[in-house]
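One letter stands for each residue in the lines below.
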Amino acid sequence: MSDIMRPIPFEELLNRIFSEYKNSQSIFGISEQVFFRKANNKTAKISGESCETVLGPAAGPHTQLAQNIVASYLCGGRFIELKTIQIMDTLEIEKPCIDAEDECYNTEWSSEYTVEKAADEYIKAWIILHLLEELFDLKKQDKRSFIFNMSVGYDLKGIQSPKVDNFINTMRDASINSQYQKYLDQINAFIKEE
């Protein structure tokens, strides 16, 4: 198995999701019968935001791919911990970077994606989750049911860099990113075709 992750282009994600659903009433192998739908109206407040459950994937390489975020959402994940990004985003780290034979150590400063590529995956996931919430009635209230919890590191100088600052601003308001409007246009075109 390769340790290189390859993102799926946005239009292809839409095609995969809706083609699979049309053919088998599932998305990424998850049957519609088990799509998570909250039974009550209770929400959790976290840092001024609310979400329907406090469950979700822990930050890691898996949360850098839009399709994995979508899959976790469909299974009930509403608090999505995004993988930590950092200024040094093109390091080559020997894998695995955790060794537990005797004492554990973790080689940090690792990131599978560049900051820009990670932001792009998060924007794709953000848009798709909003779409799925509406199309499949996956939320109990009139507001979104999930939270993306971003993480930046690993030192103050890196966090204050223009690259990381741009990432933070993009995560706060994705509409400032050129890809955001492009993806909305692609969704509108996709919907008109269907």
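Heads up: these notes are all about the structure in this document. A quick note: this is a predicted structure, and the numbers were derived from the prediction, not measured.

**Quick notes on the overall build of the protein**
Looking only at helices and strands, one finds six helices and ten strands in the protein. Counting over 194 residues, the protein shows a buried share of 42%. For the protein, the computed accessible surface area is about 11,200 Å², with 50% contributed by carbon and sulfur atoms.

**Things to note about the nonpolar core**
In this structure, Leu14, Phe18, Ile69, Leu74, Ile128, Leu132 and Phe148 are the most contacted members of the largest nonpolar core, which totals 44 residues. Contributing elements (two or more residues each) for this core: α1 (10-24), α2 (66-74), α3 (115-135), α5 (162-172) and α6 (178-193). Ranked by the residues each element gives to this core, the list is headed by α3, at eleven residues. For Phe148, the residues in contact, after removing those within four places along its chain, are Ile69, Ile80, Leu82, Tyr122, Ala125, Trp126 and Leu129.

**Considering the side chain of Thr63**
One can find Thr63 in the loop between β4 (49-51) and α2. From its side chain, Thr63 meets the backbone oxygen of Glu81 in a polar contact 3.2 Å long. Among the polar contacts listed, one links the side chain of Thr63 to the backbone nitrogen of Lys83, at a separation of 3.1 Å. With sequence-adjacent residues up to four places away left out, Thr63 is seen in contact with Pro57, Ala58, Ile69, Glu81, Leu82, Lys83 and Tyr122.

**Considerations on the packing of α2 against α3**
It is the contact of α2 with α3, at a shortest axis distance of 8 Å, that shows an interaxial angle of 35°. Relative to α3, α2 is oriented so that their crossing is right-handed. Contact residues: Ala66, Gln67, Ile69, Val70, Tyr73 and Leu74 in α2; Glu121, Tyr122, Lys124, Ala125, Ile128, Leu129, Leu132 and Glu133 in α3. Residue composition of the contact of α2 with α3, grouped by class: ten nonpolar, one polar and three charged.

**Focus on the packing of aromatic side chains**
Evaluated as defined, the whole model comprises nine aromatic pairs. Residues Phe35 and Phe136 carry aromatic rings whose centres are separated by 5.6 Å and whose planes lie at 85° to one another, so their mutual orientation is edge-to-face. You can see Phe35 sitting in the loop between β2 (30-31) and β3 (44-46) and its partner Phe136 sitting in the loop between α3 and β9 (147-149), a full 101 residues away along the chain. For the pair formed by Phe35 and Phe136, the shared burial category is buried. Taken together, a centroid distance of 5.1 Å and an interplanar angle of 75° make the contact between Trp126 and Phe148 edge-to-face. With Trp126 in helix α3 and Phe148 in strand β9, this pair connects stretches of sequence that are 22 residues apart. Taking relative accessible area as the criterion, Phe148 reaches 17% and is therefore assigned buried. Over the ring of Tyr73 we find Arg78; its NZ or CZ atom is 3.7 Å from the centre of that ring. Lying across the ring of Phe146, Arg144 places its NZ or CZ 5.9 Å from the centre.

**Here we look at unusual backbone geometry**
Phi is positive for Gln25, which is not a glycine, with a value near 55°. Inspection of the secondary structure assignment puts Gln25 in the loop between α1 and β1 (26-27). At Phe28, a position not held by glycine, the phi torsion is positive, near 50°.

What counts, and where the lines are drawn
Residues numbered from 1 in each chain as written. Predicted model: local features only at pLDDT ≥ 70, side-chain atom pairs only at ≥ 80, totals over all residues. Heavy atoms only, no water. Helix = DSSP H or I, 4+ residues; strand = E, 2+ residues; numbered from the N terminus. Buried < 20%, exposed > 50% of the residue type's maximum accessible area, 1.4 Å probe, protein only. Areas by Shrake-Rupley, 256 points an atom, 1.4 Å probe, with all protein chains shown as cover. Core = buried A, V, L, I, M, F, W, Y, C linked by side-chain atoms within 4.5 Å. Contact = heavy atoms within 4.5 Å. Polar contact = N/O pair within 3.5 Å; in protein donor to acceptor, adjacent residues only side chain to side chain. Axes fitted to C-alpha atoms, helices over the stretch in contact; angles between N-to-C directions. Left-handed = near helix turned anticlockwise from the far one by under 90°. Nonpolar A, V, L, I, M, F, W, Y, C, P; charged D, E, K, R; others polar. Phe/Tyr/Trp six-rings, centres within 6.5 Å; stacked < 30°, edge-to-face > 60°. Lys NZ or Arg CZ within 6 Å of the ring centre and 35° of its normal.

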